[in-house]
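Each chain, written out:
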Amino acid sequence: MRHYTLLRFVRLNLYFFAMYCLLTAVWYGLSGKFSGASITLVLQEIAFNAAVFSLLFSITMLVLYRRTALRVPVKKYTQNQLQHCLQDAGFVKASQEKQPLQVYKPTPPKASALAGNVFVQQSANYWLLEGPKKYIDKLS
């Protein structure tokens with residue numbers, strides 16, 4: 001899928017930023033940091049720390065689950081064999097209808113939820129697989 005890594009980075013970054021802000025604000029509220037200091041300074045501190053940590057954590061997730069594309073000959077796997085291999089790796093089909101681009105989503109505990117989707121497309125002679133390198137390389 002085109003620009004999937006960029007979209008994934010933005011989603012992860014926004015998610016980690018929001019969760020860090022929320023959890024830190026709750027912690028600061030429980031510990032009483034909002035009462036003693038200026039609220040704007042505390043909120044700026046929370047936002048800055050959240051931005052730094054979400055950026056670092058998002059980059060770490062993208063490095064740990066870097067993506068690759070793999071071409072596997074159609075003669076090597078049938079549709080059912082490929083689907084079974086992906087299920088053994090921890091991915092289940094996200095949509096049941098027959099489409100040119102099939103999407104498989106990770107299911108814990110075999111595949112981490114942060115690993116991202118696997119995209120499968122059949123050309124004339126090859127299965128085109130795009131997904132996390134850690135799981136896709138097991139198919140070759």
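Remember, predicted model here, so these are calculated numbers, not experimental data.

Here is what the cut-offs are and how they apply
- Residues numbered from 1 in each chain as written.
- Predicted model: local features only at pLDDT ≥ 70, side-chain atom pairs only at ≥ 80, totals over all residues.
- Heavy atoms only, no water.
- Helix = DSSP H or I, 4+ residues; strand = E, 2+ residues; numbered from the N terminus.
- Rg over C-alpha atoms; globule rule 2.2 N^0.38 Å.
- Buried < 20%, exposed > 50% of the residue type's maximum accessible area, 1.4 Å probe, protein only.
- Contact = heavy atoms within 4.5 Å.
- Areas by Shrake-Rupley, 256 points an atom, 1.4 Å probe, with all protein chains shown as cover.
- Lys, Arg positive; Asp, Glu negative; His and termini not counted.
- Charge placed at Lys NZ, Arg CZ, Asp CG, Glu CD.
- Core = buried A, V, L, I, M, F, W, Y, C linked by side-chain atoms within 4.5 Å.
- Phe/Tyr/Trp six-rings, centres within 6.5 Å; stacked < 30°, edge-to-face > 60°.
- Lys NZ or Arg CZ within 6 Å of the ring centre and 35° of its normal.
- Polar contact = N/O pair within 3.5 Å; in protein donor to acceptor, adjacent residues only side chain to side chain.
- Patch = residues over 30% accessible without salt bridge, like charges linked within 9 Å, V, L, I, M, F, W, Y side chains within 5 Å.
- Salt bridge = Lys/Arg side-chain N within 4 Å of Asp/Glu carboxyl O.
- Expected span 1.5 Å × (residues − 1).
- Pairing = 2+ DSSP bridges.

Brief notes about the overall build of the protein chain
- Helices and strands together make up the secondary structure of the protein chain, namely five helices and five strands.
- Computed over C-alpha atoms, the radius of gyration of the protein chain comes to 20 Å, more than 25% over the 14 Å expected from 2.2 N^0.38 for 140 residues, which places it beyond the range of a compact globule.
- With respect to the three principal axes, the spread of C-alpha positions in the protein chain is 70 × 25 × 25 Å.
- Each of the 140 residues in the protein chain was classed as buried or not, and the buried ones make up 31%.
- Restricting to contacts in the protein chain with at least 6 residues of sequence separation, those with at least 24 account for 56%.
- Taken as a whole, the protein chain presents about 8900 Å² of accessible surface, with 64% of it coming from carbon and sulfur.
- Put simply, the protein chain has 16 plus and 5 minus side-chain charges, and the middle of one group is 5 Å from the middle of the other.

Thoughts on the nonpolar core
- Counting 21 residues, the largest nonpolar core has Leu 82, Leu 86, Phe 91, Val 118, Val 120 and Leu 129 as its most contacted members.
- Only α1 (4-31), β1 (67-73), α4 (79-89), β4 (118-122), β5 (126-132) and α5 (133-136) provide two or more residues apiece to this core.
- Other than its neighbours up to four places away in sequence, Leu 82 contacts Tyr 77, Val 120, Trp 127, Leu 129 and Leu 139.
- Core analysis: the second largest hydrophobic core is formed by five residues, Cys 21, Tyr 28, Val 42 and Ile 46 among them.

Some thoughts on the packing of aromatic side chains
- In this structure the tally under the stated criterion is six aromatic pairs.
- The interplanar angle of 80 degrees and the centroid separation of 4.4 Å between the aromatic rings of Phe 16 and Phe 57 together place this pair among those described as edge-to-face. Residue Phe 16 is found in helix α1, and its partner Phe 57 is found in helix α3 (residues 39-64); the two are separated by 41 residues along the sequence.
- Given the relative accessible area of 13%, Phe 16 is considered buried.
- Chaining the aromatic ring pairs together yields one cluster made of Tyr 15, Phe 16 and Phe 57.
- Geometry around Tyr 28 places Lys 33 over its ring, the cationic atom sitting 4.7 Å from the centre.

So, the side chain of Arg 67
- Looking at the element boundaries, Arg 67 is found in strand β1.
- A distance of 2.7 Å separates a polar side-chain atom of Arg 67 from the backbone oxygen of Asn 117.

Topic: a nonpolar patch on the surface
- Together, Tyr 15, Met 19, Leu 22, Leu 23, Val 26, Trp 27 and Leu 30 make up a nonpolar patch on the protein surface, roughly 790 Å² of accessible area in all.
- Here Val 26 is to be found in helix α1.
- Classification of Val 26 by relative accessible area gives partly exposed; the value is 44%.

A closer look at α1
- With 28 residues, α1 should cover 40 Å at 1.5 Å per step; its first-to-last C-alpha distance of 40 Å lies within 8% of that length.
- Along α1, the positions that sit buried rather than exposed are Tyr 4, Arg 8, Leu 12, Asn 13, Phe 16, Cys 21, Thr 24 and Tyr 28.
- Where α1 is buried, its residues meet α2 (33-36), α3, β1, β4 and β5.
- Following α1 by one or two positions, Gly 32 has its phi on the positive side, about 85 degrees.

Description of the pairing of β4
- By the bridge criterion, four bridges tie strand β3 (residues 101-106) to β4 in an arrangement that is antiparallel. Bridge pairing in β4 places Leu 101 opposite Gln 121.
- Relative to β5, β4 runs antiparallel, the two being bridged by four bridges. In the strand pairing of β5, Val 120 is matched with Leu 129.
- Where β4 folds back onto β5 in an antiparallel hairpin, the turn is made up of three residues.

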